[in-house]
Amino acid sequence: MPNKLHSETSPYLRQHQFNPVEWYPWGDEALHKAKAENKLLIVSIGYSACHWCHVMERESFEDEEIAAVMNAHFVSVKVDREERPDIDQIYMIAAQLMTGQGGWPLNCICLPDGRPIYGGTYFRPADWQNVLLQLANMWRDKPEVALDYADRLTSGIRKSEQLPINRIPETYTAQDLAAVVTPWKSLFDAKDGGHTRVPKFPLPNNWLFLLRYGVLADDREVLEHVHFTLGKVASGGIYDHVGGGFARYSVDGRWHIPHFEKMLYDNAQLVSLYAEAWQQRPTDQYKRVVVETLAWIQREMTSPDGGFYCALDADSEGVEGKFYTFQLAEIETVLGEDAELFTRYFGATDEGNWEEEQTNVLKIDAEADKMAQEAGFSAEEWEAYLAEGKRKLLDYRNKRVHPGLDDKLLTSWNALMLKGFVDAYRVFDVPEYLNVALENAGFIRQKLYAEDGGLLHQPEANGKAIAGFLDDYAFSIEAYIALYEATFDELWLHEAKRLMEYVLSYFYDKGASAFYYTSTHAEQLIARKQEIMDNVIPSSTSTIVRQLYRLGLIFDERRYLEIAKQLLANVVPHISSYGSAYSNWAIQLLEEVYGSFEIMLTGPGWQAMRKELDIHYLPNKMILGGTKGSLPLLAGRIGNATRAYVCRNKTCSLPVEHTDELLQLITK
């Protein structure tokens, strides 16, 4: 018989419905049962594409003896971290405070009221059983010990990431940025790119900041390391050279062997990053990974109504990476006479290049595209040749058992991917990308809006609606602003402003000068948390602050700018201590130091002028205009002739008519 997870919509929760563990989803039923029976809670958190979550399920949660211990002494709750990031956030902080590290699976033992007393990540079966028995005995014999520890730990959770309110400086300087970047440089891996650590995560927002810093500060060392890193990442096995898209991280230091799960949020940000890097330094490889990744998103990760799915599993047929790897003989059979060139290109060998015998994780050498010249191909012929060979390998691979698809449709991740399509449209001028973005925006407005005008975290299903979190709003607002800059349709700006007003009403605490991750309407957990530090995804607070700056300039909303400036001032003292964890804040600091341009393109030729402008790399700009509009910056500037204006620091230029004149205004 299935347990209480059988009616859940989350693929991760449904994966556990036939475990002998009497799992409950998070909710009143489980919490009331724990209190009524005075049992400790097990809060076990993971996600569907998590390899070690599957391992712990096989080893422990499918084991009858271990399940009997869990069922006898505990109330066991399964949580999908992607569905309930607010719960995950609290217990992840708890685990980090207790053990100094975190990750998934995340397993916390809690008092019946949800306050944690013990936690960790993956446990071997014997260790897990021993921990459970010891905690059950302690709760029976010395409950006061657990209660005291829970008080102290919960206090630590509530205090984490709380910042004092600082004085807003008169100005920020290049020295403030140098204080961030100089120690950061010591972490650069000059041999393999990225940072000197293993495993290696792409961390797209890190490289976005460093790319912009390298250009604006004219720091060639940083700029070259960014491009070196992007080339290494795109060449390694972390990139799916056959089907497009990036895996979540590399388990080695050379970007070769991935942890094979593919996450929507990584790929959304990497599309934006590689598109922007191409704009700064046109590189065939950058364009190739953008085109191939977006093709994968359209082919495998898009729902019929235009939403984007969450993730693909690392495993298929119970084996990590089985779907993605090749033996040399397979490539030779599929490609025939082309196999010799492709096996050299992909670094495939008969003995294999992974731990499994004769198994190859495809990668390319950083100079692999020079084979085109050796083989007598033009650049265009080489791209077509590569595409055809990859298509054949993809057709062959698609006959295998596919990894599991997590078909959740999360607002925040959809918004990130929407922006990825917009960014690729702006850089590569592919109208189809804008059409996909607009369709996804329609999906968000149709399926992900709540009755009160706010956002849902995912579409309502089975009578269950999860209210949107701060990142859902932050990334949706960011995506809507990007859509406006691509179309000059003011609908998107007004919708962004409306959502921002909702955020200020229900997420912002004026007295603390803080945004909370959950709204005042949300379920009350043991702590209401802020999210300050940037991670693999920029934090919800840094993202909302960046949008306050943009909307404040667009709508001349002084209140938005004052709130944003105060939050930035609160965070700036912490950025230099660990730049990688504050990279999105650092991007805003970069714009404070070097300024930003508001560029107005008006009249019937605005679109042609914008396309010409987008050929040039100008990272600190915002574009407005069109043939009609009600925005303050456009007042008196729209007419029958095509004109361009540049504003900076509340000072605007006289109109110009040609892109070269516009560029002179920006670069002088």
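That block above? That's the structure.
What counts, and where the lines are drawn
In every chain, residue numbers begin from 1 and rise along the written sequence. Two thresholds apply to this predicted model, a pLDDT of at least 70 for residue-level local features and 80 or more for giving and counting side-chain atom pairs, whereas whole-chain, interface and lining totals are computed over all residues. Only hydrogens and water are set aside when side-chain values are computed; all heavy atoms of the structure are taken into account. Helix and strand definitions here come from DSSP, where helices need a minimum of 4 consecutive H or I residues and strands a minimum of 2 consecutive E residues; each element is numbered from the N-terminal end. Taken over C-alpha atoms, the radius of gyration is set against a globule rule of 2.2 Å times the number of residues to the power 0.38. Only protein chains enter the accessibility calculation, which uses a 1.4 Å probe; a residue is then buried when its area is under 20% of its type maximum, exposed when over 50%, and partly exposed in between. When checking whether two residues touch, look at their non-hydrogen atoms; a contact exists if any pair is within 4.5 Å. Surface exposure here means Shrake-Rupley accessible area, sampled with a 1.4 Å probe, where a residue is shielded only by the protein chains that are shown. Under the rule applied, a polar contact is a pair of N or O atoms within 3.5 Å (in protein, one hydrogen donor and one hydrogen acceptor; residues adjacent in sequence only if both atoms are side-chain atoms). With the strands aimed away from the viewer, a crossover counts as right-handed if its path from the first strand over the helix to the second runs clockwise. Interaxial angle, 0 to 180 degrees, is taken between N-to-C directions of lines fitted to C-alpha atoms, where a helix line uses only the stretch in contact. Oblique is the label for every angle not falling under 35 degrees (roughly parallel), over 145 degrees (roughly antiparallel), or within 65 to 115 degrees (roughly perpendicular). Each crossing gets its hand from how the near helix is turned against the far one by less than a right angle, where anticlockwise is left-handed and clockwise is right-handed. Residue polarity follows a fixed list, in which Ala, Val, Leu, Ile, Met, Phe, Trp, Tyr, Cys and Pro are nonpolar, Asp, Glu, Lys and Arg are charged, and the others, Gly among them, are polar. Aromatic pairs are defined between Phe, Tyr and Trp rings, using the six-membered ring for Trp, whenever the two ring centres lie within 6.5 Å; interplanar angles under 30 degrees are classed as stacked, those over 60 as edge-to-face, and all others as tilted. For a lysine, the NZ atom is tested; for an arginine, the CZ atom; a charge sits over a ring if that atom is within 6 Å of the ring centre and within 35 degrees of the ring normal. Cysteine sulfur pairs qualify as disulfides if the two atoms are within 2.5 Å. Two strands are said to pair when DSSP picks up at least two bridges between them. The criterion is simple. A nonpolar core is a set of buried Ala, Val, Leu, Ile, Met, Phe, Trp, Tyr and Cys residues joined through side-chain atoms within 4.5 Å. Just to be clear on terms, a salt bridge is a Lys or Arg side-chain nitrogen sitting within 4 Å of an Asp or Glu carboxyl oxygen.

**Thoughts on the overall build of the protein chain**
From N to C terminus, the protein chain includes 25 helices and 18 strands. A compact globule built from 668 residues would reach a C-alpha radius of gyration of about 26 Å, and the protein chain, at 26 Å, matches this within 12%. In terms of overall dimensions, the protein chain has a C-alpha envelope of 80 × 70 × 45 Å along the principal axes. Within the protein chain, buried positions represent 60% of all 668 residues. Long-range pairs, those at least 24 residues apart, make up 70% of the contacts in the protein chain with a sequence separation of at least 6. For the protein chain, the exposed area adds up to about 26500 Å²; of that, 49% sits on carbon and sulfur atoms.

**Concerning the side chain of Glu 330**
Looking at where Glu 330 falls in the secondary structure, it is placed in helix H13 (residues 328-335). Residue classification places Glu 330 among the buried residues on the basis of a relative accessible area of 18%. A polar contact of 2.6 Å, which involves the side chain of Glu 330, links it to the side chain of Tyr 396. In terms of polar contacts, Glu 330 uses its side chain to reach the side chain of Arg 400, at 3.1 Å.

**A short note on the environment of Phe 555**
Its location among the elements puts Phe 555 in helix H21 (residues 540-555). Residue Phe 555 is classed as buried on the basis of its relative accessible area of 13%.

**Considering the pairing of strand E16 (residues 621-626)**
With six of six residues buried, E16 is to be regarded as a mostly interior element. Every second residue of E16 is oriented toward a common face, with Lys 621, Ile 623 and Gly 625 on one face and Met 622, Leu 624 and Gly 626 on the other, all of them buried. Once the chain exits strand E15 (residues 597-602) it traverses helix H24 (residues 606-613) before rejoining the sheet at E16, and the crossover so formed is right-handed.

**Regarding the packing of H13 against helix H14 (residues 339-346)**
Where H13 contacts H14, the two axes come as close as 9 Å, and the packing angle between them is 140°. Taken together, the axis directions place H13 and H14 in an arrangement best described as oblique. For the crossing formed where H13 meets H14, the hand is right-handed. On the side of H13, the interface is formed by Leu 328, Ile 331, Glu 332 and Leu 335, while H14 contributes Ala 339, Phe 342 and Thr 343. The class makeup of the residues in the contact of H13 with H14 is five nonpolar, one polar and one charged.

**What about the packing of aromatic side chains?**
All chains considered together, the criterion is met by 37 aromatic pairs. Aromatic pair Phe 421 and Tyr 433: ring centres 5.9 Å apart, planes at 70°, arrangement edge-to-face. Of the two residues, Phe 421 sits in helix H17 (residues 411-428) while Tyr 433 sits in helix H18 (residues 431-447), which places them 12 residues apart along the sequence. Taking 5.2 Å as the distance between ring centres and 5° as the angle between the ring planes, the aromatic pair formed by Phe 469 and Tyr 517 counts as stacked. Taken together, the residues span a long stretch of sequence, with Phe 469 in the loop between H18 and helix H19 (470-487) and Tyr 517 in the loop between strand E14 (514-515) and H21 at a distance of 48 residues. Take Phe 469: its relative accessible area is 3%, and that puts it in the buried class. For Tyr 517, a relative accessible area of 2% translates into the label buried. Through pairs of rings, three or more aromatic residues link up here, namely Phe 342, Tyr 345, Phe 346, Phe 377, Trp 382 and Tyr 385. Above the face of the Trp 104 ring, Arg 81 is positioned so that its terminal group lies 3.9 Å from the ring centre.

**Quick look at the state of the cysteines**
For the structure on display, the rule yields two disulfides. In this model, Cys 50 is linked to Cys 53 through a disulfide, with the two sulfur atoms separated by 2.3 Å. In this structure, the disulfide formed by Cys 50 and Cys 53 twists by about 80° around the S-S bond and is classed as right-handed. Under the relative-accessibility criterion, Cys 50 is labelled buried at 3%. Here Cys 647 is linked by a disulfide to Cys 652, with a sulfur-sulfur distance of 1.9 Å. An S-S torsion of about 105° defines the bridge between Cys 647 and Cys 652 as right-handed. The disulfide pattern of the protein chain is 1-2, 3-4 when the bonded cysteines are numbered in sequence order. A disulfide-free cysteine, Cys 110 has its sulfur positioned 5.5 Å from the sulfur of Cys 108, the nearest such atom. Note on Cys 110: relative accessible area 0%, which makes it buried.

**Focus on the sheet that holds strand E17 (residues 643-648)**
As a general point, the strands of a sheet are linked pairwise by backbone hydrogen bonds and lie either parallel or antiparallel. Ordered by their spatial adjacency, four strands build an open sheet running E16-E15-E17-E18, and the pairing between neighbours is mixed. This sheet does not close on itself; its edge strands, each paired only once, are E16 and strand E18 (651-652). One ladder, built from two bridges, connects E17 with E18; its direction is antiparallel. Across the sheet, Cys 647 pairs through a bridge with Cys 652, a residue of E18.

**A short note on the sheet that holds strand E9 (residues 311-312)**
Spatial ordering of the open sheet is given by E8-E9-E12, a layout of three strands whose pairing is antiparallel. One side of each edge strand has no neighbouring strand; the edge strands of this open sheet are strand E8 (262-263) and strand E12 (405-406).

**Topic: the nonpolar core**
In terms of nonpolar packing, the biggest core is built from 183 residues, with Trp 128, Phe 209, Tyr 274, Phe 515 and Leu 601 touching the most fellow members. Setting aside chain neighbours within four positions, we find Phe 515 in contact with Leu 470, Val 503, Leu 504, Phe 507, Tyr 508, Gln 530, Thr 541, Ile 544, Leu 548, Ile 563 and Leu 567. Core analysis: the second largest hydrophobic core is formed by 25 residues, Ala 30, Ile 87, Met 92 and Ile 93 among them.

**Some thoughts on the pattern of salt bridges**
As enumerated under the stated definition, the model contains 48 salt bridges in all. In this structure, the salt-bridge partner of Glu 300 is Arg 299, at a minimum N-O distance of 3.2 Å. On the basis of relative accessible area, Arg 299 is assigned to the partly exposed category, the value being 39%. For Glu 557, the salt bridge goes to Lys 497, with nearest N and O atoms at 3.4 Å. Taken together, the residues Glu 557 in the loop between H21 and helix H22 (558-575) and Lys 497 in helix H20 (residues 491-506) connect sequence positions 60 residues apart. Here Glu 557 falls in the partly exposed class, since its relative accessible area comes to 21%.

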